[in-house]
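# Report on the structure
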Amino acid sequence: MAYSVYVLVAVTLLATAEAVTKRGAQCIVSGKTYKDGDLVNLPAGKCIKYKCKDGALVTKEEGCEFKGRCYKVGSKFDVDCTTYSCTKSKKGDLTYYSVDVDSIRCIDSSNKCRRDGEVFPSTINGKLYSKCKCTVKGQLASTSCSN
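Computed from a predicted structure; not experimentally measured.

### A short note on the packing of aromatic side chains
Scanning all chains against the criterion turns up 4 aromatic pairs. Each ring, one from Phe66 and one from Tyr84, has its centre 4.5 Å from the other, and the planes form 45 degrees; the classification is tilted. Within this pair, whereas Phe66 is found in strand 8 (residues 63-66), its partner Tyr84 is found in strand 11 (residues 82-91), the two being separated by 18 residues in sequence. Each member of the pair Phe66 and Tyr84 is classed as buried.

This is the structure in structure tokens:
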């Protein structure tokens, strides 16, 4: 079972046909005018940027927001020993941007990432354990230690 964080972007471009209209080479979005070549950010997602081109909005950059940062669609990134990927999917007229867990690892007392089944020494609450083992089950990583 994969863990996903979804950002629904029905990109309020669909906000009605009047929301985006052509006026020469300018774009009008929700009453605000943009010149040809201007970058436009819509409130639907800070990681999605558009460019006004010949009176229409064209997707310039797209990505997923995770913990306040933007990651490009198709990228993989590590946060706290978990590898995530940013993906884009469409369902009908809606576009979804999601952050999915690809792999998870344990974090030892030195903040080093450890793989499932890996045995390593670790200090916990000031006590040195010679044999600690990382166990990953689904989306949960745990460490058990003995001497």
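### As for the state of the cysteines
If you walk through the whole model with that rule in mind, you get 6 disulfides. A sulfur-sulfur distance of 2.1 Å marks the disulfide that ties Cys47 to Cys70. One disulfide, between Cys47 and Cys70, carries an S-S torsion of -85 degrees and so falls in the left-handed class. One end of the pair, Cys47, is in the loop between strand 5 (39-41) and strand 6 (49-53); the other, Cys70, is in strand 9 (residues 69-72), and 23 residues separate them in sequence. A residue is classified by how much of its surface remains accessible, and Cys47, at 8% relative accessible area, is buried. Here Cys70 falls in the partly exposed class, since its relative accessible area comes to 37%.

### Regarding the pattern of salt bridges
Any two side chains of opposite charge can pair, on the condition that their charged atoms come close. Under the counting rule described, the total for this entry stands at 8 salt bridges. Two residues, Lys76 and Asp102, come together in a salt bridge whose shortest N-O distance is 2.5 Å. Placement of Lys76 in strand 10 (residues 76-79) and of Asp102 in strand 12 (residues 94-104) is noted, with a sequence separation of 26 residues between them. Using a relative accessible area of 59% as the deciding quantity, one classes Lys76 as exposed. Owing to a relative accessible area of 36%, Asp102 belongs among the partly exposed residues under this scheme. Note that Arg114 is salt-bridged to Asp108, the shortest N-O span being 2.9 Å. Asp108 shares its class with Arg114; the two are buried. Within the structure, one salt-bridge network assembled from shared partners comprises Asp108, Arg114, Arg115 and Glu118.

### As for the pairing of strand 15 (residues 119-124)
Bridge count between strand 15 and strand 16 (residues 127-137): 5 bridges; the pairing is antiparallel. Paired with Val119 across the bridge in strand 16 is Lys133. What sits between the antiparallel neighbours strand 15 and strand 16 is a turn of 2 residues, in which Asn125 has the positive phi angle 50 degrees.

### Brief notes about the confidence of the model for the protein chain
Of all residues in the protein chain, 83% have pLDDT values of 70 or greater, and the mean over the chain is 83. The model gives residues 1-19 a pLDDT under 50, and that stretch makes 39 contacts with residues more than four places away or in other chains.

### A look at the environment of Arg105
For Arg105, the location among the structural elements is in the loop between strand 12 and strand 13 (106-107). A C-alpha to C-alpha distance of 8.6 Å links Arg105 and Leu140, two positions 35 residues apart in sequence. The contact partners of Arg105, leaving out residues within four places of it in the chain, are Asp78, Cys81, Thr82, Thr83, Cys113, Arg114, Arg115, Val136 and Ala141.

### Quick word on the side chain of Asp100
Counting through the fold element by element, Asp100 comes out in strand 12. A polar contact is formed between the side chain of Asp100 and the side chain of Ser98, at a distance of 3.4 Å.

Definitions and cut-offs
- Residues numbered from 1 in each chain as written.
- Predicted model: local features only at pLDDT ≥ 70, side-chain atom pairs only at ≥ 80, totals over all residues.
- Heavy atoms only, no water.
- Phe/Tyr/Trp six-rings, centres within 6.5 Å; stacked < 30°, edge-to-face > 60°.
- Helix = DSSP H or I, 4+ residues; strand = E, 2+ residues; numbered from the N terminus.
- Buried < 20%, exposed > 50% of the residue type's maximum accessible area, 1.4 Å probe, protein only.
- Disulfide = S-S within 2.5 Å.
- Salt bridge = Lys/Arg side-chain N within 4 Å of Asp/Glu carboxyl O.
- Pairing = 2+ DSSP bridges.
- pLDDT = per-residue confidence, 0-100.
- Contact = heavy atoms within 4.5 Å.
- Polar contact = N/O pair within 3.5 Å; in protein donor to acceptor, adjacent residues only side chain to side chain.

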